[in-house]
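Residue-level structural notes
Okay, here's what each chain looks like letter by letter:
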Amino acid sequence: MAEIKSLTCVDCGHGHQAELIYKCERCEGSLDVEYHSEVNGEEAEAAGKKESGIWKYRSFLPIAPNSEPVTLGEGNTPLLRMPSLEMELEQSEVYFKNESANPTLAFKDRALSVALTAAKQFNVEGVVTASTGNTGVSAAAYAARAKLPCKIYVPKKTPNEKLRLMKIFGAEIRLVEGNFSDAYLMAAQQAETTGWFNVTSTFLNPYAVEGNKTIAYEIHEQFGDVPDWIVIPIGAGPLLVACFKGFKELQLAGKTSKLPRMAGVQAASCAPIAAAFENGLEEVAAWKQPIATVASGIADPLTTYPKDGTRTLKTIYASDGCGIAVEDDRMLHYQKKLAKEEGIFAEPSSATAIAALEVMKRKGYLRKNESVVSVITGHGLKDLMSIQ
Ligand SMILES: [Zn+2]
C-alpha cells in the first residue's frame, strides 16, 4: 500500500497532512499527493488482484486499504487500433483509448470514483462540483452510489443531454451565467460555507486527480509497453498531468524504462495552455478572448486559476511534448470520420485528440514511425446539439 506522505504544494513544495484541503496554506498553489515510498510494482499487482477496473491499482491510490470503493465498474476501457486514420495520416501506429466506455461515458469516472471514496473516508455530508458537463454527470452518479447529496454548478450553455443526466442521477443543478471559471468560483464558495467535499475536476481536489493516473497503468498493460506519444484533450489538464505521473510511477517501480511524450489539445478559440506553449512561455495566462467552440467540455479560460494551466504546461515540457490548438471544423471532420469509419461516436472535445494528429505531423512533432495513443475522453451521445 502506498501510504500518503503529504499533500505537497506544486509551487513552493510545502507539505500538508492528508486532510480535506484544496490549496497550499502558504501560497495557494495546487496540491499533489506524495507517497512515503515508491510503489512496488509486484506488491501493487498482488494487492489488487481481486479488484477490477481502476481498483485493480488501488495500491497506487490515496485510499486507505480498509475503505470500500465507491465504484460503478470504471476503467478497463479498450485500447483500439485505428486503421483508417493510419492510412489517411500515413502514420504507422495509431490507437485510441476509448474512455467513452466508462459507466457515465467519460474518463471523469476514474477521478470521481476515487473522490467519492475519499468523501466517504472524510465523512462529509455532501459533494459539490463545478462542471462543463461530464464531471457533473459523473459526480451525480457516484454521489448517488455513495448515498450523498450532490450540488453542481454549470454554465448555462452546458449541453442539455448532460443536464438531464445530472437530474436523472438526483443532483441539484445551479445554472451559472458565464463560463466554467464563473461556475468554479461558486462551487468553491459553496464548499467553503457548507464543508461539503469539492470534487471539481481541475487540480482542486488532489484525491480526484490521482484517480486519473490509472489510465497510464492500463495503457501500459494494453499496449505492452509505452507508446511514443499520448494525446489528450485538455481544459486545465489534470488527466494529462496524472497520466504522466502514472508512467513515472511505473518507471520507478521498474516496469518500464521509457516515458511517453504528452500532447495537450485545446480548441483554437479557448487555448490558454496551447498558446503559452506556442509562444515558448513558462507560465500560462488566463484566456481573455471570446470563446466560440463546440468543444464545450474543454472550454476552460482558467480565469482565476491560470497556475493550473502552468502545472500542465510544465508537464508538457517535462515530457518533451507539445500543446496543440485545433479549429472546430477539423474536430467536427474527425468526429464524423471516427463515427463513419471506426464506429466510435466521440463528443467534439474528444475528437480534438484525433484532429491534433495532423497538426502534430505538420509541425514535425509526430514522426511517421512513432506510435501514438489518442484519448477519446467522452461520448457523443452526451452532446447531440453539436452535430450538424
Ligand atoms: Zn505553496
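Reading the values: rules and limits
- Sequence order as written defines residue numbering, which begins from 1 separately in each chain.
- Reporting of local features is limited, given that this is a predicted model, to residues whose pLDDT is at least 70; pairs of side-chain atoms are given and counted only at 80 or more, and all residues count toward the totals for whole chains, interfaces and linings.
- Only hydrogens and water are removed before side-chain values are computed, so all heavy atoms of the structure are retained for them.
- UniProt positions are given in the numbering used here, feature names are shortened, and annotations may be inferred rather than shown by experiment.
- For two strands to pair, DSSP has to find at least two bridges joining them.
- What counts as a helix is a DSSP run of H or I of at least four residues, what counts as a strand is a run of E of at least two, and both are numbered from the N terminus.
- Here is the rule: rings of Phe, Tyr and Trp (six-membered ring for Trp) pair when centre to centre is within 6.5 Å. Planes less than 30 degrees apart are stacked, more than 60 are edge-to-face, and the remainder are tilted.
- Relative accessibility under 20% of the residue-type maximum defines a buried residue, over 50% an exposed one, and the middle range a partly exposed one, all with a 1.4 Å probe and only protein chains included.
- Counted as coordinating are nitrogen, oxygen and sulfur atoms within 2.8 Å of the metal, or 3.2 Å for Na, K and Ca, while water is not included, which may make sites look incomplete.
- Just to be clear on the cut-offs, tetrahedral is four donors with all angles between 85 and 135 degrees, square planar is four donors and octahedral six with opposite donors over 155 degrees apart and all others between 65 and 115, and anything else goes down as irregular.
- Orientation is described by axes fitted as lines to C-alpha atoms, over the contacting stretch for helices, and by angles from 0 to 180 degrees between their N-to-C directions.
- With respect to orientation, any angle under 35 degrees is reported as roughly parallel, any angle over 145 as roughly antiparallel, any angle of 65 to 115 as roughly perpendicular, and every other angle as oblique.
- Note on convention: near helix rotated counterclockwise from far helix by under a right angle means a left-handed crossing. Clockwise means right-handed.
- Contacts are residue-level and defined by heavy atoms, with any inter-residue pair within 4.5 Å sufficient.
- Here the nonpolar group is Ala, Val, Leu, Ile, Met, Phe, Trp, Tyr, Cys and Pro; Asp, Glu, Lys and Arg are the charged ones; every other residue, Gly included, is treated as polar.
- N or O atoms closer than or at 3.5 Å make up a polar contact, with two conditions inside protein: a donor-capable atom paired with an acceptor-capable one, and, for residues adjacent in sequence, both atoms drawn from side chains.

- The protein goes by Threonine synthase in an unreviewed UniProt entry, where it is assigned to Planococcus shixiaomingii.
- If you open the UniProt record of the protein and go to Cofactor (unreviewed entry), you find "pyridoxal 5'-phosphate".

What to know about the sheet that holds strand β3 (residues 31-35)
- In spatial order, the strands read β2-β1-β3; together these three strands make up an open sheet with antiparallel pairing. Here the strands that pair on one side only, and so sit at the sheet edges, are β2 (15-16) and β3.
- Two elements, strand β1 (residues 4-9) and β3, share five bridges in a ladder whose sense is antiparallel. Across the sheet, Ser6 pairs through a bridge with Glu34, a residue of β3.

Quick look at the packing of aromatic side chains
- Scanning the model with the defined rule gives 11 aromatic pairs in all.
- Between Phe197 and Tyr207 the ring centres are 6.4 Å apart and the planes differ by 50°, which places this aromatic pair in the tilted class. In this pair, Phe197 is assigned in strand β9 (residues 197-198) and Tyr207 in helix α7 (residues 206-211), connecting sequence segments 10 residues apart. Each member of the pair Phe197 and Tyr207 is classed as buried.
- Cluster of aromatic residues (ring-pair linked, three or more members): Tyr22, Phe122, Phe197 and Tyr207.

A few points about the coordination of the zinc ion
- Around the zinc ion, the protein supplies Cys9 (SG), Cys12 (SG), Cys24 (SG) and Cys27 (SG) as donor atoms, at distances of 2.2 to 2.3 Å.
- Taken together, the four donor atoms coordinating the zinc ion and their angles of 99 to 118° define a geometry best described as tetrahedral.

Looking at the sheet that holds strand β7 (residues 150-155)
- In space, the four strands of this open sheet follow the order β8-β7-β6-β9, with parallel pairing throughout. If you trace the sheet from one side to the other, it starts and ends with β8 (172-176) and β9, each paired once.
- With four bridges connecting them, strand β6 (residues 127-130) and β7 associate as parallel partners. Paired with Val128 across the two strands is Lys151, which belongs to β7.

Things to note about the packing of helix α4 (residues 134-146) against helix α5 (residues 160-168)
- One can describe the packing of α4 onto α5 by two numbers: an axis separation of 8 Å at closest approach and a directional angle of 15°. Taken together, the axis directions place α4 and α5 in an arrangement best described as roughly parallel. Of the two possible hands of crossing, α4 and α5 adopt the one that is left-handed. Contacts from Asn134, Gly136, Val137 and Ala140 of α4 reach α5 at Lys162, Leu165 and Met166.
- Looking at the contact of α4 with α5, its residues break down into four nonpolar, two polar and one charged.

Some details on the side chain of Asp228
- Structurally, Asp228 can be placed in the loop between α8 (214-223) and β10 (229-233).
- A distance of 2.8 Å separates a polar side-chain atom of Asp228 from the backbone nitrogen of Ser371.

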